[in-house]
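Report on the structure
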Amino acid sequence: MAKRGEETQIEGHLVHLPFKQKKSRTKALLVEERYNARVLTLNKPRGLNCIDLSMAHGEAFSAGGDLRALYTHHNPSRLGKEACYRMYWIDYHVATYKKPIIVLWSGLVMGLGVGLSVACMFRVATEKAVFAMPEAALGFHTDASGSYFLPRLPGYLGEYLALTGARLNGAELKACGLATHFVNSKNLWKLEALLLALDNGRPDLIQSTLDNLSVTVKPHQNSILNRMDVINKCFSKKSVEDIIAAIVAEKDKAGSQWLERVYKSLIRSSPTGLKQTLRSIRDGRSKTLFECTKQEFRITWHAVESTISTDFLEGIRATVIDKDKAPKWKPASLAEVTEDKIDLVFQPIGMEELQLPQEGIFPRWAGQYQVPIYHRL
């Protein structure tokens, strides 16, 4: 058997097995130049590759935001806005990048990690992948381009995922179109070697390589994807209140007992988070990625400013800091979160608006990445 660093035959190709990189204890992102490709490896396993402000300065990206750092910072408003500004800016440029990017989903895929990878040309899931967007339950909203890609999933699956934070596995990711390919995790090393052996980054060559190692998988019979008729019936309703009412009407019917878990998850969630998330998803159905990204930053800005609620910080406290799982939402009921209040978090934010290059305008890296206003806060 060939060792790393030696040549061997794989699928009829003579390839050079990459050396196993020695992981650094200090670098959050490992960068390697191999042949015609650049390989990026996340390197904060103990923290589930959570993002912090140093990463947002461009050193790394990860599977989610570092909520603990935000909560404990002496000025959480400044930290949150600056980190999110930089991350949304990077998300957008990755999504509009012209060269092929291949992302390997094996493990947790959540939050900002989704935003940085979901628009990549090739998205490979394994049986170990666990995808979720749980932000609404924390008093936040489904960001990281969620308001753009979730409404474009089949039926009203996007609303279901956004409001409940439900998880999808690798087979489900492939079935609903979020993943372009499914490869068994045991073959990832082989896939990596074959991709690195390609003479260039032509999309058709990458596609062919991925196709050769991909396997056909089907979601389990109890998968939510096999319950889309009920999902569409309930989550197509106009308001959060109507969605919950529809679930109550359905959950006692034969074969619909699974809706009891959905109901409980919704009534435990932040009323503010649920309502601003639903509005964002519905608005995103008719918006471009450019428009969705700018709108998401506005909602985030208002969340860290606590414009209409302190639920975002309270959600972090209950889930990450104290871990008592007993958040005290304010407002405490859906009725108290009026449409007028939700209107406020969609309002423009003046000088702190996210600056992005519009489609067709060059250079594509135009737009302000450095944000001097935050350094004065």
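A quick note: this is a predicted structure, and the numbers were derived from the prediction, not measured.

Conventions used here
Residues numbered from 1 in each chain as written. Predicted model: local features only at pLDDT ≥ 70, side-chain atom pairs only at ≥ 80, totals over all residues. Heavy atoms only, no water. Buried < 20%, exposed > 50% of the residue type's maximum accessible area, 1.4 Å probe, protein only. Helix = DSSP H or I, 4+ residues; strand = E, 2+ residues; numbered from the N terminus. pLDDT = per-residue confidence, 0-100. Contact = heavy atoms within 4.5 Å.

Judged by how many residues are buried, helix α15 (residues 311-321) sits mostly within the fold: eight of eleven residues are covered. Within α15 the residues assigned to the buried category are Asp 311, Phe 312, Glu 314, Gly 315, Ile 316, Arg 317, Ala 318 and Val 320. Two residues or fewer after α15 comes Lys 323, characterised by a positive phi angle close to 55°.

All right, on to the confidence of the model for the chain then. Per-residue confidence for the chain averages 83 on the pLDDT scale, and 77% of its residues sit at or above 70. The lowest-confidence element of the chain is helix α1 (residues 53-59), averaging 46 in pLDDT; the highest-confidence one is strand β12 (residues 181-182), averaging 98. Confidence drops under a pLDDT of 50 for residues 19-23, and excluding neighbours within four residues, the segment shows ten contacts in the predicted structure. Counting interchain partners and residues more than four positions distant, the pLDDT-below-50 stretch residues 59-64 has 32 contacts.

Take unusual backbone geometry next. A cis geometry characterises the amide bond from Lys 330 onward to Pro 331, with omega recorded as 0°. With respect to the helices and strands, Pro 331 occurs in the loop between α15 and α16 (339-344). The phi dihedral of Ser 145 is positive, around 70°, even though this residue is not glycine. Given a relative accessible area of 12%, Ser 145 falls into the buried group. Backbone geometry places Lys 325, a non-glycine residue, at a positive phi of 55°. Note that Lys 325 resides in the loop between α15 and α16.

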